[in-house]
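The primary structure of each chain is shown beneath.
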Protein chains: 2
Amino acid sequence: MQYVYGFDHEHPRPPMELKDLLGGKGANLAEMVSVLDLPVPPGFTISTEACRHYLDAGGWPPELEGEVDAAVARLEELAGRQLGDPSDPLLVSVRSGAKFSMPGMMDTVLDLGLNDESVRGLAEVTGDARFAYDSYRRFIQMFGEVVLEVPDELFDARIEVAQATAGDEADARMSAEVLAQLAEDLKAVVAEHTGQPFPQDPRDQLRQSIDAVFRSWNSPRARAYRNREHIDHHLGTAVNVQMMVFGNRDERSGTGVGFTRDPATGDAGLYGDFLLQAQGEDVVAGTHATRPLAEMADVFPEIHDELVDIFGRLERHYRDMLDTEFTIEQGKLWMLQTRVGKRTGTAALRLAVAMTEDPNIRLTRAEAVQRVTADHLDQILHPQFEKVDESRILATGLGASPGAAVGQVYFTADDAVAAHQRGEKVLLVRPETSPDDIHGMQVAEGVLTSRGGLVSHAAVVARGWGKPAVVGAEAIHVAGDHFTVGDRRVEEGEVVAIDGQTGDVILGEVGLAAATTPPELDMILEWADEIRADRMSVRANADNGPDATVAREYGAEGIGLCRTEHMFLGEERLPVVQRMILASTPEEEQAALDELLEVQREDFVTILEAMDGLPVTVRLLDPPLHEFLPDYEALLRSQARDGLTEEETTLFEAASEWREVNPMLGTRGVRLGIVKGGLYKMQVRALLEAAALRADAGGRPIVEIMIPLVVTRAELALVRRWVEEEIEAAQATTDRPLQVGVGTMIETPRAAIRADDIAEVADFFSFGTNDLTQMAFGFSRDDVEARVMPRYLDEGILPRDPFESIDVRGVGELVALAVERGRKVRPDITLGVCGEHGGDPASIDFFTEIGLDYVSCSPFRVPVARLAVAQALLAHRSGTD
Amino acid sequence: MQYVYGFDHEHPRPPMELKDLLGGKGANLAEMVSVLDLPVPPGFTISTEACRHYLDAGGWPPELEGEVDAAVARLEELAGRQLGDPSDPLLVSVRSGAKFSMPGMMDTVLDLGLNDESVRGLAEVTGDARFAYDSYRRFIQMFGEVVLEVPDELFDARIEVAQATAGDEADARMSAEVLAQLAEDLKAVVAEHTGQPFPQDPRDQLRQSIDAVFRSWNSPRARAYRNREHIDHHLGTAVNVQMMVFGNRDERSGTGVGFTRDPATGDAGLYGDFLLQAQGEDVVAGTHATRPLAEMADVFPEIHDELVDIFGRLERHYRDMLDTEFTIEQGKLWMLQTRVGKRTGTAALRLAVAMTEDPNIRLTRAEAVQRVTADHLDQILHPQFEKVDESRILATGLGASPGAAVGQVYFTADDAVAAHQRGEKVLLVRPETSPDDIHGMQVAEGVLTSRGGLVSHAAVVARGWGKPAVVGAEAIHVAGDHFTVGDRRVEEGEVVAIDGQTGDVILGEVGLAAATTPPELDMILEWADEIRADRMSVRANADNGPDATVAREYGAEGIGLCRTEHMFLGEERLPVVQRMILASTPEEEQAALDELLEVQREDFVTILEAMDGLPVTVRLLDPPLHEFLPDYEALLRSQARDGLTEEETTLFEAASEWREVNPMLGTRGVRLGIVKGGLYKMQVRALLEAAALRADAGGRPIVEIMIPLVVTRAELALVRRWVEEEIEAAQATTDRPLQVGVGTMIETPRAAIRADDIAEVADFFSFGTNDLTQMAFGFSRDDVEARVMPRYLDEGILPRDPFESIDVRGVGELVALAVERGRKVRPDITLGVCGEHGGDPASIDFFTEIGLDYVSCSPFRVPVARLAVAQALLAHRSGTD
């Protein structure tokens, strides 16, 4: 096994595809050198394999020393200078470079190769002693901190002394003498702290720096970053050793960063900044006034032309928009880095489409579809903040529903509605939300809660409406007419902004950039649909006609989950539902059910009309009955304080009777349907009567009746018999044949395991991966998401929040098992998913792999799902996943 | 395929082993005829196959008609009479006979073959017209009700008329004339109700009767019975057609039931009753005064001798105690039925041991072990009621902890303690119990709750103490100082009895038969242990020294589950625990933990001492923290009513903060251990310091540290690192090597699925099948057991309560998967089970099959588990399971 590769090494495959081995930076450097023959300072890459060996075994693989020596010798030959040459030393940088970019997380050492002798040679050969000693003292400090772990405050003290000595010159430009003395002082700090003199042998410096880069892979902040970004801890980093070039050498020198096109708009033409007589850090740091790249044509016309040429070659080669760093040293252009450039959502869409037409690039439609990410679409589809001042961020919760919202804070739904009626823009802030808060959520620009997770009520409802929401912002303590964050107190009516993507909660007004959808959006989505056709469809979760209409506009090919619980709520219906619950005779119960039948039939008619010709999957009532009764605790409090009226007492007794210790695992779903037999029959009758009405009206209703929370075949078989009786009754009322399927949610682990039994009586399965995740993990999302999940994610105990992205190895295995067993018994069974995971690209990738027939997600997520399904299919087709 | 077998058919295997095919009754009749050559009225059996065909296809298999005809012809030949012969008719009985006895559940037709002609022949040939017409009118009524489904009240009306006609003779002895007229009247009823005359053709009568027996398999009461008794609905019943003999024929006739030994004590010698000039029903009905079998020697000395001889042959042949029915017709003995006799626990043990020594039987020890059931041991080990008057049964709940208890009812733990101190025997009655009720439960004879299931707090605690309990008696409404059942009101201090096996709640005193353990108990258990040796051990769930001592006395070979939560309770400890929870600084928290460390170390020393030399599996804290805080609702009520003190406010805030929506799926187990890092470290330190103290004192502590509720390898790996640090620290204090293992509960579905990952860092798994069942089904036992489970069991939606006996196809598959994956990674991993299923014989059978290393159950259940494990091993060895 070879561990070290010169940038000019001839790899059997294009180096740009070898990021696993060479890291991102190393792979692109090798591509520029060995394939494109661009002017890149010579150097070599130590592979990630070497790093993994170092981390596992605690030291270098035996071959590495010899390989590094050989690579250094070759570098010296190419550079025409020797490491540590006292007269004209070669200086190198040592940089990390992992497969996935981890900006600022790992260590870098610059100007390596300087020592007490060579610094003098550098001064002489450049004729710039100040430059030489400034480089030396910077190297000593950087090496000291990064490699030798000397606390930086020890260096700072000496630097302050030097600055004081320099007097008025201050830090701007210390003299060569002051800098030489500072170098001596810093070496003394190192010697004192480590008990060893500062290493003078450049090979020694190099070896220690490589070790330090390897080690930095496992630094706490690097680990935390990877946990946050879901990057595998086992990848390791490559190390790039490269000849230093100096943009600050003289007036014919400079440095810059450039994009091959505008990353904000996708417009063609050079885009970027440059600085004369400066080093790369100066551009990034923002301490110097940079100039737009276009102006370079005036200053360095040849370099500008060379850059235009290089950018063109890079684009033709990578067939994408590139981001580059370059340095000009004494009139010569050096390319230091390139990579595929980050871009805005708009730019992503426009670039993708434009590049299918660009004769130099000619992206295929499939490639164009792969160039746009879910985040890009989120940017396009939801308003975003223009720019946020970090100091105004009050707290960060979970970004639960994307988009940015600004409004005056109110703490009850009623207050929010009142303020909205006064014409205010409102942000509803609650500890958590419940169905009681719906009217306040409806009028709010956005919703902020201090508790709850990504699948809490607030999160699910807000996503369903495409309304921005931040949930589980635990630092916020809501108390009556204000909330506090630490010492900070925010009163009712103050303006607060939330970013539903980052989870940031910001005090005061923040400018919003409205969502604008470029025409390229529809093109890309249509191309995605072509790829998906006949493979996997995308449905929406929608509970009423208007939502179904929106979903269809966003491209939904049916409803995967129509929850019926909302049909039991509302001022007029709730009392009827309560009458049903409180009924003391079967007749009373039936009377209430008959009343509900009338209104629910109307609900179903509007939904079937909006989705005419497409399947509508209706889930029979799922939540426990106590959700339709007044809050038990409120009644308890009233009882203790003032006593209850007779009517309240009746409700209190019912609330008490139906209350449960673990409602998630209680009398809900099909259990409730069986215990309260009339309920499901009423729902099915309302639905089928609606279907018959639609059929008679010339429509094409396609109905799928879904039974929730099934654990055994017998439950489904029992309800199926009821349904079949109702189908027969409804069919008798119309000449048009009714198209009705009966199936079940697979949302308990047992149902997944015994999917074979259940498939015998199911026309379809819809995986309820929210509940399946709750039960497989034993995680109540209401409880664990806020209290346990952040800790688990920070410490890497879980690689990702399993409610956000499906846990492939655990929950995913249950789903895959159910797919296999269900299809074995009934090969034509329709399989879909209607949990929150249906809109998550990583989860969609998994669902595609195991061959589900559709995913269903909230209407506003449908475009993302259409894209993600196509991308997943392409990834599996090309075998790159 | 053959469907009909004469009793004398030569089967390739002994018919007694063919109950699947012939049903129990048919198999034993064939055994008596074809193998033992006993005097049995001739007949034939229609197999269960025929019944299954009838039920599936809705009619007889085509071959059946011919086979029945042939069998009838052969029967007529053997009997020397013809069906329907007008001069001397053959009469037959048609009886059901399923594999498992279902007494009274299915239909029987007697005296078949009578019609208007043959009844006269019967009168003539017997010289007893009264007998003939009585038989005929009985046959018409029975056939009418059973086969033709004529409502019995229609017949009753006519019988009343006949009785009125008979006048003073009344029902005792109606005259032949009256009976003949009654037969005519009853036929008229049939004709009127069915629109058809009463069938006169005996073949027709037979065919219809066979159909009726087949159909009766699926009668609602038969289905309900099978649901209750966990009998498969697909088995079907056999039908036995047999020549009638008449014990009521004359004074040389009679009938009786006899056991080959005393089924109550196991003592040798005939045991049973007989009646002169009577039919079998008369003995069973208890309407006639029966005489003990021993007296038969005076009345029918030859018959008595013949019976003694037959009983001896039966015992030698079956090698067991038999239960028989016989009839004497005109001085000839006929054996009508035999089967292995039911027996008391004492008799079972004594018989099993005695038969190993009986030279005619020579049971092996393995066979003797198989002759005793878990129910037998329960009878032996717990006091039982002598006899219960059914009318006094107030309600029936779930029998949660076996044994009988009588006491005065009290409704709070404090009242129970006060009454106990006054010297009363107390029965604690609560809606449900919590740790707050422990002191009341301790002094009570038994515990009765109106809510909760078989694994509710009351049930688990009571079983742990071997104290009788009935839970979930939903008919009971507890209200302050009394409870009601319907209109019945029971005041504090009234006497109530509960049967912890049947679940009966009985008003008033009931005599108790104290538990007596015959010396044979230990012998049988030792023989069982020999069979288990090196295959599967039995541990106990015990949380303190005294319980551990009891467990060891009952034969426990270690502790499989030592819950540590009780170490956090009690008047002195709870305030310290609360200080830990409320701590506002790490120092305060640590101070509280240090205090707990001291007391817990003492707890562990006593447990390790009691189990010296045997493994002690200690589970680190599992329940959520709010269980250690005051009741939230009580505080809420106080707050609303009177306001709270400052101290109460603090507790209220903490209770509110730690409260959870679904505590079962919340911040408990290892999650709590990680969120509150100091807690587990303290527990581990206390345990290991205790182990070191025990080792220094010359003991041999074997410690297994068990981490609850793990879902991923990373959780266990993290805690394992903490444990290993503590092991190192504790080992440094003693020269004796400490024996410590670290493992986990497998109680979430995800942990079962990813047992391979988890096994990498686990020395053992203990399956927590209670929680695994809750999560796999999504059944909160607190909620579903009372509200949903009874319905599901009655309707056969679930074959058994999965909390009582493991759900093999669902939860069992998860366990089996975890066993396979865990062993693959770590072949020497120790695997056990510590849920309630560890004491359930059917579950133990499954655990044996998948090769667990031990089961763990409550101390009082250990003898049952020892027996059940041996039986399961024997069953699998012989392949009869």
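Residues numbered from 1 in each chain as written. Chains lettered and ligands numbered in written order. Predicted model: local features only at pLDDT ≥ 70, side-chain atom pairs only at ≥ 80, totals over all residues. Heavy atoms only, no water.

Glancing now at the overall build of chain A. Scanning chain A from terminus to terminus reveals 35 helices and 33 strands. Judged by the C-alpha coordinates and their principal axes, chain A covers about 105 × 60 × 55 Å. A burial count over chain A gives 59% of its 881 residues as buried. Restricting to contacts in chain A with at least 6 residues of sequence separation, those with at least 24 account for 68%. If you sum the accessible surface of chain A, you get close to 34600 Å²; carbon and sulfur atoms cover 47% of it. For chain A, the distance from the average site of its 84 positive side-chain charges to the average site of its 149 negative ones is 3 Å. (Helix = DSSP H or I, 4+ residues; strand = E, 2+ residues; numbered from the N terminus. Buried < 20%, exposed > 50% of the residue type's maximum accessible area, 1.4 Å probe, protein only. Contact = heavy atoms within 4.5 Å. Areas by Shrake-Rupley, 256 points an atom, 1.4 Å probe, with all protein chains shown as cover. Lys, Arg positive; Asp, Glu negative; His and termini not counted. Charge placed at Lys NZ, Arg CZ, Asp CG, Glu CD.)

With that settled, consider the pairing of strand β6 (residues 108-112) of chain A. Two faces, one strand: in a regular strand the side chains alternate between the faces of the sheet. Residue and element names in this part refer to chain A. Burial analysis of β6 places 4 of its 5 residues in the buried class, which makes it a mostly covered element. Pairing of strand β5 (residues 92-98) with β6 involves 3 bridges; the strand directions are antiparallel. Following the sheet pairing, Val94 is matched in β6 by Val109. (Pairing = 2+ DSSP bridges.)

Attention now moves to the UniProt feature "domain: Pyruvate phosphate dikinase AMP/ATP-binding" (unreviewed entry) in chain A. Here the UniProt-annotated "domain: Pyruvate phosphate dikinase AMP/ATP-binding" (unreviewed entry) positions come out as residues 61-287 and 305-347 of chain A. For residues 305-347 of chain A, the end-to-end C-alpha separation is 25 Å, with 40% helix and 40% strand making up the annotated structure. (UniProt positions renumbered as here; feature names shortened; annotations may be inferred.)

On to the interface of chain A and chain B. Of the residues lining the interface, 57 residues belong to chain A; the matching set on chain B comes to 57 residues. Both sides together, the interface formed by chain A and chain B hides about 5200 Å², and carbon and sulfur atoms give 53% of it. Three residues, Leu665, Arg750 and Arg787 of chain A, lead the burial of chain A against chain B; their summed loss comes to 13% of the area buried on that side. The residue Arg659 of chain B makes a salt bridge to Glu633 of chain A at a minimum N-O spacing of 2.4 Å. (Buried area = accessible area lost by both parts, 1.4 Å probe. Salt bridge = Lys/Arg side-chain N within 4 Å of Asp/Glu carboxyl O.)

This part takes up the domain arrangement of chain A. Once the domains are mapped, chain A shows domain 1 (4-243), domain 2 (254-376), domain 3 (386-513) and domain 4 (534-624 + 660-879). Distance from the C-alpha centre of domain 2 of chain A to the C-alpha centre of domain 3 of chain A: 38 Å. (Domains from an automatic or database assignment.)

To continue, consider the UniProt feature "binding site: substrate" (unreviewed entry) in chain A. All names here are of chain A. Taking the numbering used here, the UniProt-annotated feature "binding site: substrate" (unreviewed entry) corresponds to Arg563, Arg619, Glu747, Gly768, Thr769, Asn770 and Asp771. As for its position among the elements, Gly768 is in the loop between β31 (764-767) and α30 (769-777). Aside from chain neighbours lying at most four places away, what touches Gly768 is Met745, Ile746 and Glu747. The residue Asp771 is located in helix α30 in this model. According to the relative accessible area criterion, Asp771 is buried, its value standing at 7%. If we skip the residues at most four places from it in the chain, Asp771 touches Met664, Arg668, Leu709, Glu747 and Arg781.

Residue and element names in this part refer to chain B. Ordered in space as β10-β9-β8-β11-β12, the 5 strands form an open sheet in which the pairing is antiparallel. The outermost strands of the open sheet, each flanked by one partner alone, are β10 (291-292) and β12 (332-340). Of the strand pairs in this sheet, strand β8 (residues 254-261) and strand β11 (residues 322-329) are connected by 6 bridges, and their pairing is antiparallel. Its bridge partner lying in β11, Gly258 is registered against Thr324. Along the sheet, helix α12 (residues 301-318) makes contact with β8, β9 (268-276), β11 and β12, crossing β12 at roughly 30°. (Axes fitted to C-alpha atoms, helices over the stretch in contact; angles between N-to-C directions.)

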